[in-house]
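As a plain string of letters, each chain reads:
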Amino acid sequence: MAHILALDQGTTSSRAIVFDEAGSVRAVAQREFRQIFPKPGWVEHDPAEIWETQLATAREALAQAGLTASDVSGIGITNQRETVVLWDRRTGRPIHNAIVWQDRRTAEDCDRLRHSGHLPSFRRKTGLMLDPYFSGTKIAWLLRNVPEARSLAAEGHLAFGTVDSWLIWNLTGGALNGLHATDVTNASRTLLFNIHDERWDDELLDALEVPASILPEVRSSSEVYRETAPGLLGGPIPIAGVAGDQQAALFGQACLRTGMAKCTYGTGCFLLMNTGRTAIRSTHELLTSPAWRLRGHTDFCLEGSVFVGGATVQWLRDGLGIIQTSPESEALAASVPDSGGIVLVPAFTGLGAPHWDPYARGALLGITRGTTAAHLARAALEAIAHQVADVVSAMEADSGVAVSEMRVDGGAVANDLLMQIQADLARIPVIRPKVTETTALGAAYLAGLATGVWAEPADIAEHWQVDRVFEPGPDHDRTAKLRARWKKGVERAKDWEEG
């Protein structure tokens, strides 16, 4: 039986999962790593720690499954997308901590670019917003603020990568002739890549003052990149699939036809709709990105990115201490019939789609003497679902297609109450699959298609199975009132910090 090793490098942990050719999980290994917060609104990771934890989990997963390198047909890589690493090609050492996708330090840089008239060009060419979320302004910040960065770039010694590139480079030898490459989905999140021409764009590079010499080669999402260095995993294994985490989840959910949509509930929430070969330009503040490039063709997607999803529950646990573990949020929230009239807007790092306000901050509204921890827990779950419902509405308006169902994945989908609240607020069926490791599974599928484990994408769709369907409840009036109150809360949270 064939096996694929999927490396799932996320925001808070590195994981490795071994899948067999039926798409079933054979082994899982996971290690968390540090979250570094140098200043309010700044979020960093140690790139060396990312690499070390990812390599350790890969070795552990293979050992758990009782496999050697020769038993593995290929490696698929999926990753937190907009996080930026710069390193010295000669030594392999990063010149600074990675700046994480959640980081907001470049909000004023984005404002300056907008005021200088650059927004239309960026929107047209990249499908993105001018927002600190994306990689480009992070790269520019590092080039300005790390003393040796510009000189290293001028000498041809500096390399930029999103986390996939950092892993590929290290897996293929690092400073000893490592491959400097990325795939089209990750490249598309940098603000530097023209998604229509599928190339790095000189005008965008000039606007951000980023030298082309530091950029990786852009490849498809499903092809053999290179084999791993022999000593790392006990022998060479082809790296054959690469995709940013949300596009990988769309593929893993078998959303292979136009109009199919999925939502991943992780640190943030990410709703993507397959739009086929058409790159729809959003008029409702959504993002247009390649979904994947496969066998010479690129499919596109619309995306709405919610910055704080599962992190809302983490805040209840770590910030407020009202629960000890994240799963406790479901029982606590279920102990009350509603949120008691309170609204929590978790704009802890600004608001993403469809609002795009980096100066928004969290707000808790409607508190009375009767407000309890249970009401707050319920409001937290509602906040996650409201944000996703906002994106569903925008996506339907952009595409002209009603979202008939939403396939869901990520850690929070185990919360039945959250899934039911989501179905009620978005007014669509929410479908949870039997295998919820869809981000890693998507990377595995892309690798398996390149190495012959699966012949066609249609073979993948046959493996997808339903665990449970959450149907929207009948009380439309109550839902309408909750949605109206949420929208009032969002308006109160906007533009809180001064730009």
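Reading the values: the criteria
Residues numbered from 1 in each chain as written. Predicted model: local features only at pLDDT ≥ 70, side-chain atom pairs only at ≥ 80, totals over all residues. Heavy atoms only, no water. 1 Å grid on protein atoms, 1.4 Å probe; cavity = no way out; pocket = protein on both sides within 12 Å on 5 of 7 lines; lining within 4 Å. Points joined across faces, edges and corners; volume = space filled by probe spheres on them. Helix = DSSP H or I, 4+ residues; strand = E, 2+ residues; numbered from the N terminus. Nonpolar A, V, L, I, M, F, W, Y, C, P; charged D, E, K, R; others polar. Pairing = 2+ DSSP bridges. Axes fitted to C-alpha atoms, helices over the stretch in contact; angles between N-to-C directions. Salt bridge = Lys/Arg side-chain N within 4 Å of Asp/Glu carboxyl O. Buried < 20%, exposed > 50% of the residue type's maximum accessible area, 1.4 Å probe, protein only. Phe/Tyr/Trp six-rings, centres within 6.5 Å; stacked < 30°, edge-to-face > 60°. Lys NZ or Arg CZ within 6 Å of the ring centre and 35° of its normal.

### A word on empty space enclosed by the protein
- For the structure shown, the criterion picks out 1 cavity of 30 Å³ or more.
- In this structure, the largest cavity spans a volume of roughly 80 Å³.
- What lines the largest cavity is a set of 13 residues, and nearest its centre among them are Val 306, Leu 351, Gly 352, Ala 353 and Gln 387.
- Taken together, the elements giving at least two residues each to the lining of the largest cavity come down to strand S18 (297-306) and helix H12 (373-399).
- Residues that form the lining of the largest cavity fall into these classes: 7 nonpolar, 5 polar and 1 charged.

### Section: the sheet that holds strand S23 (residues 466-470)
- In space, the 7 strands of this open sheet follow the order S17-S18-S16-S15-S21-S22-S23, with mixed pairing throughout. Both outer strands of the open sheet, strand S17 (287-294) and S23, are each paired with one neighbouring strand and no more. Strand-to-strand twist of the sheet, defined as the mean angle between neighbouring strand axes without regard to direction, takes the value 30°.
- In this sheet, S18 lies alongside S17 in antiparallel orientation, the contact comprising 7 bridges.

### A word on the pattern of salt bridges
- Under the defined criterion, the tally for this structure stands at 33 salt bridges.
- Among the ionic pairs, Glu 44 bridges to Arg 105, the shortest N-O distance being 2.9 Å. Here Glu 44, found in strand S4 (residues 44-45), pairs with Arg 105, found in the loop between strand S7 (98-99) and helix H2 (107-115); they are 61 residues apart in sequence, far enough to count as distant. Considered together, Glu 44 and Arg 105 belong to a single accessibility category, that of buried residues.
- Here Glu 405 makes a salt bridge to Arg 407, at a shortest N to O gap of 3.3 Å.
- Classification of Glu 405 as partly exposed rests on a relative accessible area of 27%.
- Residue classification places Arg 407 among the buried positions, given a relative accessible area of 10%.
- Through salt bridges that share partners, Arg 81, Glu 82, Arg 189, Asp 245 and Glu 303 make up one connected network.

### Quick notes on the packing of aromatic side chains
- Applying the stated criterion across every chain, the model contains 15 aromatic pairs.
- Between Tyr 133 and Phe 134, the aromatic rings sit 4.7 Å apart at their centres with planes inclined by 45°, giving tilted as the arrangement. Each member of the pair, Tyr 133 as well as Phe 134, carries the same accessibility label: buried.
- A ring pair is formed by Phe 251 and Trp 292, whose centres lie 4.8 Å apart and whose planes are at 75°; its orientation type is edge-to-face. In this pair, Phe 251 is assigned in helix H9 (residues 245-252) and Trp 292 in strand S17, connecting sequence segments 41 residues apart. Like Trp 292, Phe 251 is buried.
- Site record: aromatic cluster; members linked through ring pairs are Trp 101, Tyr 133, Phe 134, Phe 270, Phe 307 and Trp 356.
- Against the face of Trp 141 rests Arg 105, its NZ or CZ located 4.5 Å from the ring centre.
- When the ring centre of Tyr 225 is taken as reference, the NZ or CZ atom of Arg 219 above it lies at 5.4 Å.

### Remarks on the pairing of strand S1 (residues 3-9)
- With 7 of 7 residues buried, S1 lies mostly within the body of the structure.
- Alternating positions in S1 separate into two faces, His 3, Leu 5, Leu 7 and Gln 9 on one and Ile 4, Ala 6 and Asp 8 on the other, with burial throughout.
- In this structure, S1 lies alongside strand S2 (residues 13-20), joined through 7 bridges in antiparallel fashion. Residue pairing for S2: Leu 5 is matched across the bridge by Val 18.
- Adjacent in sequence and paired antiparallel, S1 and S2 are bridged by 3 residues.

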